[in-house]
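These are the residues of each chain, in order.
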Amino acid sequence: MCHHEIIGDYYRGCGHFHGRYYTGDVSDCNSERCKTSKSHMHKTAINCGCPAVVTENRKIQNMFQTPHTDCQRTTR
């Protein structure tokens, strides 16, 4: 699987990573069965059966000591 770099915020209070944006940096796995690889065998097919799994290479931009707002709502 290819690795796509994503920049985001990490909330230590709950362990939540909130991705902000993808940088466009991709580590290509060169697999014919990976949909996001440049070596994908079905480049012109509209609906191929290859998995579209994106593996994120997470980079932390901001770190917060509190829980994420979605996690705060579920604990109250």
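Above this text you will find the structure in question.
Everything in this summary refers to the structure shown in the same document. (Residues numbered from 1 in each chain as written. Predicted model: local features only at pLDDT ≥ 70, side-chain atom pairs only at ≥ 80, totals over all residues. Heavy atoms only, no water.)

Quick word on the packing of aromatic side chains
Right, so step 1: Under the counting rule described, the total for this entry stands at one aromatic pair.
Right, so step 2: The interplanar angle of 20 degrees and the centroid separation of 5.0 Å between the aromatic rings of Y11 and F64 together place this pair among those described as stacked. Separated by 53 residues along the polypeptide, Y11 in strand β1 (residues 3–11) and F64 in strand β3 (residues 55–64) bring together distant segments of the chain.
Right, so step 3: Classification of F64 by relative accessible area gives partly exposed; the value is 32%. (Phe/Tyr/Trp six-rings, centres within 6.5 Å; stacked < 30°, edge-to-face > 60°. Helix = DSSP H or I, 4+ residues; strand = E, 2+ residues; numbered from the N terminus. Buried < 20%, exposed > 50% of the residue type's maximum accessible area, 1.4 Å probe, protein only.)

A closer look at unusual backbone geometry
Right, so step 1: Despite not being glycine, N30 shows a phi value in the positive range, around 60 degrees.
Right, so step 2: Here N30 shows up in the loop between β2 (16–27) and β3.
Right, so step 3: Classification of N30 by relative accessible area gives exposed; the value is 53%.

Some remarks on the pairing of β1
Right, so step 1: Extensive coverage of β1 is indicated by the burial of seven of its nine residues.
Right, so step 2: Bridge count between β1 and β2: eight bridges; the pairing is antiparallel. Pairing of H3 across the sheet is with S27, part of β2.
Right, so step 3: Adjacent in sequence and paired antiparallel, β1 and β2 are bridged by four residues, among which G15 carries a positive phi angle near 80 degrees.
Right, so step 4: Note that β1 and β3 share nine bridges and pair parallel. Residue pairing for β3: I6 is matched across the bridge by R58. (Pairing = 2+ DSSP bridges.)

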